[in-house]
Amino acid sequence: MMRVLTFVVSFLLFIVLAGVGGGVYVFWHYGRGLPDFRQLETYTPDVMTRIYAGDGRLVTEYAIEKRVFVPYNAIPKAVVNAFLSAEDQRFFEHAGVDVMGVLRAALTNLKHAGSGRRPVGASTITQQVAKNFLLSNEVSLSRKVKEAILALRIEQAFSKEHILELYLNEIYLGRSSYGVAAAAMNYFNKSLDELTIAEAAYLAALPKAPNNYNPQRFPEAAVSRRNWVIGRMAEDGHIAAADAAAAAREPLLAINRAETEFLNHSLYFSEDVRRELVARYGERALYKGGLAVRTTLEPRLQEIATRSLRDGLAAYDLRHGWRGPLGHIELDQSWGIRLRDADLPKGLRDTWRRAVVLSVSQQAAAIGFVGGKRGTIPYAEMRWARPHLPGQEVGPSPKSPASVVQPGDVVAVEAVDEAAGTYALRQIPQVDGALVAMDPHTGRILAMVGGFSHERSEFNRATQALRQPGSAFKPFVYLTALENGYKPTDLILDAPFVLEVPGQAKWKPQNYGGDFYGPTTLRIGIEKSRNLMTVRLAEALGMDKVVATARRFGIADRMLPVLSMSLGAGETTVLQLTSAYAMLVNGGKRIVPTLIDRIQDRDGKTIYRHDTRPCEGCSSVFWTGDATPELPDTRPQIADPISAYQVVHILEGVVERGTGRRIAAVGKPLAGKTGTSNDSMDTWFVGFSPDLAVGVFIGFDEPKSLGKHETGSSVSAPVFKEFMTEALKDKPGTPFRIPPGARLIRINHDTGLRAEPGDSSVMFEAFRPGETPGSARTVTGSGAPVEETPGDTGVPKAGGLY
């Protein structure tokens, strides 16, 4: 018996020693070359960058993995408990590997051996952390062993709370959501602390297979899995039975946050912000660095700007005729499906819908929509649709709906009276444009629209398109004159001008309309946009001075010192020219246009601020009744403030009496200038109120004429007017600020002389100290006047027109 007992004990000891030795060997063999788990101590997850508007609303997000990092102590207990019940009930008890869980999984796998089922795992949360951070998703025994070894090491190095923090911020939960905070927003549009028990349980149900529990595609499976988690939470004592029953009855209502939360109509703006961030910090910081970017965007103004530009582009397009339907489909029993699947051009407005013409009568066209709804387009709502002809001409007015559309035509329509089922025919414009609105005192870009539709074209015409400004450049020629001793009442000869260019044809600029008015005041030269006066003035000043002014105001870095440039033959962008006008109305102070106010890193540290002015006393957390801190004005003075005001005052006259008269209907103090390039290829209106500068450009992407009689006044000014009407609707009519030293004297507008009793055209003109009304000089220029002949009325091939 002793020998038998000795043998049994020796055998058992051998088995134990062999097991220990085998375990040591396994740990030694698989533990070699494992990733360094200590890197988890300084874990910095890939976090999304968020772009905010000036009022704090979310504009957009940039991320490869959409994650919002939340520290453990900020994660609600209900969320933590839901994941523990679903994934690892004994998390706070085991040392990284749950032996009982492994045994249960082994028995289950033996039971299902040969059934073809995927083996059941017993990974703890710690093992999942090891796999997600340090290993691959390979299904193999060696990976499981490595996972267990790393889990044991991780448990020895870090607290349970730190491990949970890693897990809950890293795990993928579907819908491009990495981590529980992003999932809460993307599924329920809530922060973590707003989640109900049922919502927390649903998130905890997702780690195994998020796509299998998609609430829209598999609602029954999603609810069943969620309720299973709720039951486990009740079994584990995390919630009461009554709370579990109530949570299980709660409907699972997930929303699509991407469609409801981001600001609409800001794609051009946010894309320029994205490009700037990449240029500053690189793509890794943008997509993984968790930057918080506070932009200058004013959502209300952005919405107005988008609507105003689209209205203006559509209005121009309707004036130039109907180019035909979007497409054509067969009218059979499946026309609704054909309409839904039709490959149509991109760029429909939010208020437009696709429809198919079902029949046509003398009074209307009957139309149908996807889903079977029907309506009509009355003849009155398609009367505009004259045939489009080359050169932006149009044919005769349609005599009936049949002259415009035919059954099967796919068209864009907009509701006139949706209750009555009446719609108007619409057309996607071929012409395009841009609008920029900015704070003239800070350079903050409050709104920016780079085209009719970002979906149709991502090219930003506000910042990327170089176009000729035409007469919108003229104020800077006249500013140069005022800074060099001229007065608004000085006379300039408005008469034919000819420039001899060696080896080229004579250059003979013309006024719009071809008339000449003789000696005319400088003020009227801008108000009426006289080309010949501008050329003579530029010649008298010297184009080198005009070019220097253009560079000072950031209009163009490279501009040839030739006379045609005085008429806007150079190229600039909408943002550059609007910024230049802003520096006129702010008194000649340099500003730097910006889309971004402030950038913070993932830890909340400010790494960029546009406003770099020093501010003593601004760092206090609480205000204790001390004097309000005063910020110094550090903007460089780039123009004489009186000269800048004189130009502003003259541009007010453009609105009151000149080419911008239609703007006066806004009923607020406004100033600005129209611009139209050669052959009406580019049309502009750039102007401002005392605290808002706005620039509008409209033209074809491949430059061609907008048509006869289309100018900045008829094409771009209506957009400026619509925008300013809405933007300033609730604002007081603040007058333009007069700089110290400027003197306002009553003059006769037509002659420039001091006003006399009985004069009918009287106004206040701005002068410098010591200056008086009247002309101290008359600029005639060296361009020899010529006799007009029928062939001399052609438009110069370089330079602005009106």
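Sequence positions are assigned chain by chain, starting from 1 and proceeding in written order. Owing to the predicted nature of the model, reporting of local features is limited to residues with pLDDT of at least 70; listing and counting of side-chain atom pairs is limited to 80 or more, with chain, interface and lining totals taken over all residues. The side-chain quantities take in all heavy atoms of the structure and omit both hydrogens and water.

Student: I'm lost on the overall build of the protein chain in this one. Help?
Tutor: In terms of regular secondary structure, the protein chain is built from 23 helices and 25 strands. Burial here depends on accessible area, computed with a 1.4 Å probe over protein chains only, as a share of the maximum for the residue type. Under 20% is buried, over 50% is exposed, and the range in between is partly exposed. A total of 802 residues make up the protein chain; the buried ones form 50% of that total. Here a residue-residue contact requires only that any non-hydrogen atoms of the pair lie within 4.5 Å. Taking the contacts inside the protein chain whose residues are at least 6 apart along the sequence as the reference set, 71% of them involve residues at least 24 apart. Here the accessible surface of atoms and residues is derived via Shrake-Rupley with a 1.4 Å probe, and residues count as covered only by protein chains that are part of the display. A total of about 37,200 Å² of accessible surface is found on the protein chain, and carbon and sulfur atoms cover 54% of it. A run of DSSP states H or I qualifies as a helix once it reaches four residues; a run of E qualifies as a strand once it reaches two. Both are numbered from the N-terminal end.

Student: Got a minute to help me understand the sheet that holds strand β1 (residues 49-52) in this structure?
Tutor: As a general point, the strands of a sheet are linked pairwise by backbone hydrogen bonds and lie either parallel or antiparallel. Judged by pairing direction, the sheet is mixed, and its five strands sit side by side in the order β2-β1-β5-β18-β19 without closing on themselves. Strands at the two margins of the open sheet, each flanked by one partner only, are β2 (58-62) and β19 (606-609). Strand after strand, the sheet turns through a mean of 15 degrees between neighbouring axes, direction not considered. Bridge count for strand β5 (residues 292-295) against strand β18 (residues 596-600) is four bridges, and the pairing is antiparallel. Within β18, the residue paired with V293 across the bridge is I599. Along the sheet, helix α12 (residues 267-281) makes contact with β1, β2, β5, β18 and β19, crossing β18 at roughly 50 degrees. Whether two strands pair depends on DSSP finding at least two bridges between them. For helices, the fitted line uses only the C-alpha atoms of the stretch in contact; every axis is such a line through C-alpha atoms, and the angle between N-to-C directions lies from 0 to 180 degrees.

Student: What's the story with the sheet that holds strand β17 (residues 518-521) in this structure? I'm lost.
Tutor: Taking strand neighbours across the sheet as the criterion, the three strands line up as β17-β16-β25 in an open arrangement whose pairing is mixed. Each edge of the sheet is formed by a strand with only one pairing partner; in this case those strands are β17 and β25 (778-779). Alignment of strand β16 (residues 491-494) against β25, held across two bridges, turns out to be parallel. Bridged to I492 within β25 is V779. Of the strands in this sheet, β16, β17 and β25 are in contact with helix α18 (residues 531-541), which crosses β16 at around 125 degrees.

Student: What should I look at first to understand the nonpolar core in this one?
Tutor: Nonpolar side chains in soluble globular proteins tend to end up buried together. Only buried residues count toward a nonpolar core. Its members are Ala, Val, Leu, Ile, Met, Phe, Trp, Tyr and Cys residues joined through side-chain atoms within 4.5 Å. One finds F476, L537, F553, L651 and F688 to be the most contacted residues of the largest nonpolar core, which totals 81 residues. Counting residues per element, this core draws most heavily on helix α20 (residues 574-585), which supplies nine residues. Beyond its immediate chain neighbours, meaning those up to four positions away, F476 contacts T549, F553, I555, L577, A580, Y581 and L584.

Student: What is the right way to read helix α6 (residues 160-170) from this model?
Tutor: An α-helical segment advances 3.6 residues per turn. Residues three or four places apart therefore align on the same side. The buried fraction of α6 is high, at nine of 11 residues. Of all the residues in α6, the buried ones are K160, I163, L164, E165, L166, Y167, L168, N169 and E170.

Student: How should the packing of helix α2 (residues 77-87) against helix α9 (residues 219-235) be read in this particular structure?
Tutor: In a packed pair of helices, the relevant descriptors are the angle between the two axes and the axis-to-axis distance. Two elements in contact, α2 and α9, have axes separated by 9 Å at closest approach and are oriented at 100 degrees. The orientation of α2 with respect to α9, classified from their angle, is roughly perpendicular. Of the residues in α9, those in contact with A78, N81, A82, S85 and A86 of α2 are W228, V229, R232 and M233. An angle counts as roughly parallel when it lies under 35 degrees, as roughly antiparallel when it exceeds 145, as roughly perpendicular when it falls between 65 and 115, and as oblique in every other case.

Student: Can you help me understand the environment of L537 in this one?
Tutor: Note on placement: L537 falls in helix α18. Relative accessible area serves as the criterion here: at 0%, L537 is assigned to the buried category. Placed 242 residues apart in sequence, L537 and V779 show a C-alpha to C-alpha distance of 6.8 Å. Residues within four places of L537 in sequence aside, it is in contact with V477, Y478, A481, Y486, I492, L522 and V779.

Student: Hey, could you run me through the pairing of strand β9 (residues 374-378) in this one?
Tutor: Regular strands place their side chains on alternate faces of the sheet. The two faces of β9 differ: G375 and I377 on one face are buried, but R374, T376 and P378 on the other face are not. Linking strand β8 (residues 364-368) to β9, which pair antiparallel, is a turn of five residues; within it G371 sits at a positive phi near 100 degrees.

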